[in-house]
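Analysis of the macromolecular model
Residue-level listing of the chains:
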Amino acid sequence: MTRYIRHAACFCALLLVALVVNAARIQVFQARSYDDNPANRRTSIARYGQPRGDILVGGEPVTGSRDTREQLRYERTYVDGPLYAPVTGFASQEYGTSLLEHTEDDLLSGTDPMLSPLPLWNDFTRSQNPGGDVETTLNRAAQQAAYDGLGDRKGAVAAIEPSTGRILALVSTPSYDPEALSGNDAAVGRSWARLNRDADKPMLNRAVRKTYPPGSTFKVVTAAAALDAGVIKNLNAKTDSPDPYTLPGTRTRLTNESDGCEDLSLREAFKWSCNTVFAKLGADVGVADMTATAQAFGFNDTDLRIPFPVAPSTFDTSVDRAQLALSSIGQYNTRATPLQMAMVAAAVANGGQVRQPYLVERTTRASGVTLTTAGSRPARQAMQPSTAARMRKLMVEVVRKGTGRKAAIPGATVGGKTGTAQHGLGNSGTPYAWFVSWARGDRHMEAKVAVAVVVEDAEADRGEISGGGDAAPIARAVMEAVLGSSGGR
Amino acid sequence: MTKAGITVVRAGSPAPAVRLPRRRGIELALIVVAVFLSVYGYCDVGLAKNGTVPPGAAGYGAGLGVLALLAHLAVRLRAPYADPLLLPIGVLLNGLGLVLIYRLDLETPADRAAPTQLVWSTLGVALFIVVVLLLRDHRILQRYSYVCVAAALVLLTLPILFPAVNGARIWIRIAGFSIQPGEFAKVLLAVFFAAYLAANRNALAYAGRRVWRFTRMQLPTGRVLGPIVAVWLVSVGVLILERDLGTSLLFFGLFVVLLYVATGRTGWIAVGLLLATLGAVAVGRLEPHVHGRIEDWLHPIASIEAGEGPNQLAQSLFAFAAGGILGTGLGLGHSILIGFAAKSDFILATAGEELGLAGLAAIFILYALLVERGYRAGLALRDPFGRLLAVGLASIVALQVFVIAGGVTGLIPLTGMAMPFLAQGGSSVVTNWAIVALLIRVSDSARSQYDGQVAP
């Protein structure tokens, strides 16, 4: 019997060995795949087990964390949530993250390996790094001015620093409070449903994710293309342009809002925003040169990230001459985000160079140690420096004597361009009021800010909706805020 | 008188018995270590979860210490030659189980199981003491083998009269208490199997006709084999009716192991495996409950891919994976995710998550030692009944650990059983103390009559 007892003992030993081997298989060799399974809540629990890093504006956090002592423990809070929502986005236990909260998530949640003091250190200690902070390029005063300026109206503002591409303001209205999406109780679900149902689309970031017909503000691009291509050599020379202008190859007659546009010089036509002159100018420049200039400004760029993706602004490259004429005054298929039009104004202010816009100035560890800085961005020459100089003159005159007088700032040189973009079937929609501009304080060597403002439906009679009336004051407030806060530098 | 009872040398022994060292001091020292480790774990849980030593730590330590000490005194008094490892392993596993249950109670404050478990542990230790004090010689049990099998069958069939809980009909509920009679039945059946096989092993090994003409295999006569096969079939059949698959697997394995050890016929293993395969295929096909378990085992994350969220086995695997090699530390895992059976069937998942592969291996080694010590007692004994009983009891522990641990780690289909000593469950902890008491008794006999030779 002894032999058989020994055999049975060996059998039991085998069973126990099998258990240990199997446990090692799961706990060592397959552990990673189980840890990474999306249904494994441990990742979420660890992720929300510590306060999230903050997003800073002007050194001050605009985000915070609230300890709920629940399973997903820390919830996101927002300071002035609606004001910064187009930048921060939301961070929700239920609905994930968006915008900066999304693109910087690894850093904010503490999972970014860069946060670890030593490689593999965290694997060893099983600890998580505290979330890092994201310092934005935003200018607090400019952001507030843009938000206050838009008020209850639907619209967006984008402001950038022309020499660097720093985004100083990014506002979209109506906005929402991302805090309403933090956490995972029933109220969050209701907020989510309400925000998605809302016809005004408060979660849509109009400054970078919505494209509008740019209307007359696109004449900046057309003028620059005409000057660069040599179609116009003298700003003061009369152009050969009829009023009304019959679109080439069609019987459609294009008219102007104001009289006296016939054969006007580029300088006067820009000041008074003559459609006929610029439509013909675009047609004269041709598809190739118009396209080249528009794309140098950033149109048709599908890869722009700031760091979250920006909807591509479009300039149709397969058009006939009539369509090209309409495209050249910002109609037909020409569409632009407010950020794109701010880049157009910035290029003019910055000697023709377009700097890639960006929102993240630097990232730091929770201790404040810098991890990454924005560094220098590639620049693209959108037009000759001499053309840029002439464009600045044209834009300054719009503000001094033309349609953009409401953007004038004492003690500063301001250049601008108004726009009123028609849209909807048969142009039935309330027109969009546009204003793009830049400003240089008298004490400064270079322009400090370029702005684009779009107001979707100003509370005014249709006839009075205009870039000059509704959008220019908002742009001025933003430019004043930037000049005022950078005056001491 | 007591000494005489122990040092009796069996008639016909060729060599005079030599007494092995008693080693009761070592047992006491190991018990102190076991109690200390348990109290340490208890404090660790409190510190990790609340930042303070739990208020009951002193009481818990004192309670466990006194129980262990009383058990030790009983052993010292009545089984002085008993294996010194058995009792400390029982104390440590029981203490660890209480720590884990207390730790899981913190996640479900509305449903505290640790106090009840402590009461049952006390009852278990009391039973241990009673058995060690009153059962002077394990051979007495041989006389009661038919009482045992009758009691076992009654216990097994009783739950059919009671409503099913979570798909299994294995509980008796009386006045708020729930008892799992299958747990007690396994010890009783082990006694019966051992006694019956010891009495009939010659007949089993040599009598009977050939199955086929030219094979070496011979079936024992029906008169010998009949009763035991009947008992076994009834118990396994009843358990399948009750959907207590773990226990039926355990009884099956126990039967095959004891039959093999008693007869030395490898054929029994082949027959056993064949029957097990047939049974598993039949039950797996016919029974939807079992079929689901097998599907879960083959594809543990299928429910996730189907968008239904992780099932309990997947959650268990997640927990083991989260533990890694060193574990998250007691109290720092997320056992709450495992769900309703976290304190019973799936308690090992918490051990795996919070103690890691290292802790899990340590627990397995404790069980392995317990099993090995049982087998060792079996080897050293001279009476066939004692040998088979020791082997049976040790095999129960080994098979049960394998079935449950293999189930929750995805090695075999999940059958739902209690991890000996660790899991919440009164019947289980009482039964396991009874097993340890019987092992103490047989090891005492084995070591006190040891003659320097291994029996044939």
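Preceding this paragraph is the structure being described.
Each value, and the rule that gives it
- Residues numbered from 1 in each chain as written.
- Chains lettered and ligands numbered in written order.
- Predicted model: local features only at pLDDT ≥ 70, side-chain atom pairs only at ≥ 80, totals over all residues.
- Heavy atoms only, no water.
- 1 Å grid on protein atoms, 1.4 Å probe; cavity = no way out; pocket = protein on both sides within 12 Å on 5 of 7 lines; lining within 4 Å.
- Points joined across faces, edges and corners; volume = space filled by probe spheres on them.
- Helix = DSSP H or I, 4+ residues; strand = E, 2+ residues; numbered from the N terminus.
- Nonpolar A, V, L, I, M, F, W, Y, C, P; charged D, E, K, R; others polar.
- Contact = heavy atoms within 4.5 Å.
- Buried area = accessible area lost by both parts, 1.4 Å probe.
- Salt bridge = Lys/Arg side-chain N within 4 Å of Asp/Glu carboxyl O.
- Polar contact = N/O pair within 3.5 Å; in protein donor to acceptor, adjacent residues only side chain to side chain.
- Patch = residues over 30% accessible without salt bridge, like charges linked within 9 Å, V, L, I, M, F, W, Y side chains within 5 Å.
- Areas by Shrake-Rupley, 256 points an atom, 1.4 Å probe, with all protein chains shown as cover.
- Buried < 20%, exposed > 50% of the residue type's maximum accessible area, 1.4 Å probe, protein only.
- Disulfide = S-S within 2.5 Å.

The probe, sized like a water molecule, is rolled over the atoms to show the empty space still left. Residues and elements named next belong to chain A. Under the criterion given, the structure shown has six cavities of 30 Å³ or more. A volume near 90 Å³ is recorded for the largest cavity. As for the largest cavity, its lining consists of 13 residues, and the residues nearest its centre are R47, Y48, Q50, R52 and Y74. Broken down by secondary-structure element, the contributors of at least two residues to the lining of the largest cavity are β4 (74–78) and α6 (105–109). If one sorts the elements of the lining of the largest cavity by residue count, β4 sits on top with three residues. Of the residues in the lining of the largest cavity, the class split is five nonpolar, four polar and four charged.

Our focus in this paragraph is the interface of chain B and chain A. Between chain B and chain A, the residue contacts involve 52 residues of the former and 33 residues of the latter. Roughly 3600 Å² is buried in total at the junction of chain B and chain A, and carbon and sulfur atoms are behind 73% of that figure. The residue E353(B) makes a salt bridge to R42(A) at a minimum N-O spacing of 2.8 Å. Put simply, chain B and chain A have nine residue pairs in polar contact (both at pLDDT 80 or more) between them. Elements supplying a minimum of two residues to the side of chain B that touches chain A: α10 (245–263), α14 (312–323), α15 (347–380) and α16 (384–408) of chain B.

On the surface, a cluster of nonpolar side chains totalling about 440 Å² of accessible area is made up of V28(A), F29(A), I325(B) and L326(B). Positionally, I325(B) belongs in the loop between α14 and α15. Since its relative accessible area comes to 48%, I325(B) is described here as partly exposed.

Residues and elements named next belong to chain A. This model, assessed by the stated rule, comprises one disulfide over all chains. Paired by a disulfide, C261 and C274 hold their sulfur atoms 2.0 Å apart. On the sign convention where negative is left-handed, the bridge of C261 and C274, at about -75° about the S-S bond, is left-handed. Highlighted residues: C261 in the loop between β11 (253–254) and α12 (266–272) and C274 in the loop between α12 and α13 (275–285), separated in sequence by 13 residues. Across this residue pair, the class does not change: C261 and C274 are buried.

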